[in-house]
Amino acid sequence: MKKERPLFFFILFPLLFFVSVIFIHFKLPHLVVISSFLTIFLVTHFYYEIKTRRFKTYENIYKTILQLFHYTEFSSFLDYAIHSISKLLNAERTTIFMLNQETKVLWTFFAEELEIKEVFLPITEGIVGYVARTKKIVKINDDVYKDERFSPIVDQKTGFRTKTVLCAPIIERTKGNVIGVIEVLNKKTKNGFTKEDEELLELFCHEISTVIVNAQLYTQLKALLESFLKSFAIAIDARDPVTKGHSIRVMRYALRIGKEMRLSHEQLKVLEYASILHDIGKVGIPDNILLKPEKFTPEEYEIMKKHVNITKDILSTIQFPPEYKDVPTIAAMHHEFLDGSGYPEGLKGEEIPLLARIICIADIYDALVSYDRPYKPAYSNQEAINILYDMANSGKLDKTILDIFVLKEPYQIEQRKFLRLNKEVSFSWKKLTPEGIKSLLPTLSKTVNVSERTLQFICDEPLSVNSFLDMEIYLPDFHTNAIAKVVYCSKTNGEEKYKVGINFVNLSKKLEEKLQTALAKASD
């Protein structure tokens with residue numbers, strides 16, 4: 001109805017003018033005054049309504065942009081942005097493509113059931129490629145398939161049918177480079193996208209560019225910090241071969257419990273940092289005690305217990321963001337028990353923060369199933385769970401958290417496969433979930449697939465082509481994490497084994513060269 005009012009106004013105004021002329025002709029001045037006032041009122045009313053509606057639209061855009069500044073996780077930021085744009089422009093779908101400056105490839109993803117599908121478009125293809133190259137806005141309200149610039153690749157992958165398109169570049173303000181493209185599809189009204197829609201999307205792209213750059217920078221800095229923290233924790237664990245990978249596993253168990261408990265994003269980050277750093281204080285424990293294969297003497301045990309104090313001292317020197325300020329305290333409490341028999345403070349019950357109670361269970365479980373000492377063999381899953389319940393029933397552990405740990409089986413997430421390719425190269429891997437892939441968007445959109453050849457290995461289970469693996473690569477002089485994409489998988493002859501080929505998608509050239517050198521050594 002609102003769209004008909006401007007047309008109604010243009011019909012009404014001449015009509016009222018014509019009526020006024022008739023009134024003047026028949027000398028009816030009071031009716032002339034009334035009709036004039038009515039005309040002025042209607043003109044003012046419709047003008048005000050049009051301006052108010054336009055002002056409201058711009059207000060909604062700026063509210064959306066201001067809200068985007070609160071998102072630090074890049075994937076959450078994109079989710080909110082695309083839904084907001086679709087709503088503001090009354091369209092069926094919005095896609096934000098990020099431009100990889102090195103490869104000149106536009107990259108995006110979409111979720112479909114349990115799979116994350118990625119879409120790559122060279123900058124030379126499609127309407128989004130045209131917009132990225134020319135920095136021009138494109139609006140098509142006819143059948144888009146008739147436009148020679150259109151590429152059906154995305155429709156083919158998603159099953160979506162594009163009819164109308166409004167596409168605009170996202171340009172970095174400082175350097176003037178295109179960093180991405182926003183593509184809005186299928187306006188829900190018959191007349192298609194309007195000039196006003198163009199102006200709104202152009203304004204949105206202009207304002208959102210700063211938010212995207214900041215979000216990418218934040219993500220990169222966070223990834224750098226987390227990589228450093230993980231490397232530090234891995235280095236500490238590596239002092240004792242028995243505990244290798246312990247901190248990473250505890251972190252994964254703890255995070256899964258936290259997610260099952262629906263903790264907030266901030267709580268999960270504190271849990272992540274505190275759990276991976278919980279044993280960092282072992283750097284201050286002498287090797288003759290830390291690496292001792294036999295049971296500790298009472299004196300040695302007292303020295304070993306000091307690692308929690310050292311952990312707190314070390315972490316207190318790190319300037320964590322305000323929302324993560326509790327990391328040092330939480331990390332240092334992972335040996336506190338509810339009955340007050342733990343250390344270092346002997347805290348009881350609710351005096352022990354929830355996150356510390358989660359880490360405590362994750363830490364004990366991993367120690368039970370992973371550590372194989374001369375005086376204590378590694379326990380099975382069920383044996384470890386029985387021991388944990390004995391401790392909960394005696395008042396040491398939080399039974400509610402333990403129930404979640406057991407019933408939801410978060411310990412199953414650490415089913416990583418370990419393979420040794422040769423004496424130089426070994427690695428472990430696990431399948432990545434759609435959520436895990438989604439969180440990697442800002443990293444993958446800025447990296448290049450530098451694999452010069454496909455890495456091949458034998459696996460005891462089939463892996464889906466185009467799925468992703470979280471890899472931990474071990475070479476003689478370094479250890480690193482990487483993401484790999486499965487490019488082929490075929491069953492071997494006569495065996496229940498599978499030949500799998502992967503390409504790494506986020507290794508730097510330097511690390512790629514190291515890996516290739518190590519592989520070459522083995523083949524010599």
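Look up a bit, the structure's there.
Residues numbered from 1 in each chain as written. Predicted model: local features only at pLDDT ≥ 70, side-chain atom pairs only at ≥ 80, totals over all residues. Heavy atoms only, no water.

Novice: Describe in detail the packing of aromatic side chains, supporting the description with residues and values.
Specialist: Tallied over the full model, the rule gives eight aromatic pairs. Each ring, one from Tyr253 and one from Phe405, has its centre 6.3 Å from the other, and the planes form 85°; the classification is edge-to-face. Here Tyr253 is found in helix α7 (residues 246-260), whereas its partner Phe405 is found in helix α15 (residues 399-407), with 152 residues between them in sequence. Note on accessibility: Tyr253 and Phe405 belong to one class, buried. Considering the side-chain rings of Tyr301 and Tyr343, the 6.4 Å spacing of their centres and the 85° angle between planes classify their relative orientation as edge-to-face. Taken together, the positions of Tyr301 in helix α10 (residues 298-305) and Tyr343 in the loop between α12 (327-331) and α13 (354-370) put the pair 42 residues apart, joining distant regions of the chain. An aromatic cluster is present here, built from Tyr253, Tyr365 and Phe405 joined pairwise through their rings. Lying over the aromatic face of Phe160, Arg93 brings its terminal NZ or CZ to 4.3 Å of the ring centre. (Phe/Tyr/Trp six-rings, centres within 6.5 Å; stacked < 30°, edge-to-face > 60°. Helix = DSSP H or I, 4+ residues; strand = E, 2+ residues; numbered from the N terminus. Buried < 20%, exposed > 50% of the residue type's maximum accessible area, 1.4 Å probe, protein only. Lys NZ or Arg CZ within 6 Å of the ring centre and 35° of its normal.)

Novice: Please set out the pairing of strand β6 (residues 178-187) residue by residue, giving values where relevant.
Specialist: Counting buried residues in β6 gives ten out of ten residues, a clear majority hidden from the surface. As defined by bridge partners, strand β5 (residues 165-171) adjoins β6 across seven bridges and the pair is classed as antiparallel. Note on β6: the bridge partner recorded for Ala168 is Ile182. What sits between the antiparallel neighbours β5 and β6 is a turn of six residues, in which Gly176 has the positive phi angle 75°. (Pairing = 2+ DSSP bridges.)

Novice: Which residues make up α13, and what are the values?
Specialist: Helix length check: α13, at 17 residues, gives a terminal C-alpha distance of 24 Å against a target of 24 Å (1.5 Å per residue), a fit within 8%. α13 sits mainly inside the fold: 14 of its 17 residues count as buried. (Expected span 1.5 Å × (residues − 1).)

Novice: Please provide a residue-by-residue account of helix α4 (residues 126-134), values included.
Specialist: Among the nine residues of α4, seven are classified as buried, and the element is accordingly described as predominantly covered. Every buried residue of α4 is accounted for by Gly126, Ile127, Val128, Gly129, Tyr130, Val131 and Ala132.

From the geometry alone we can't say anything about function, so treat these as descriptive.
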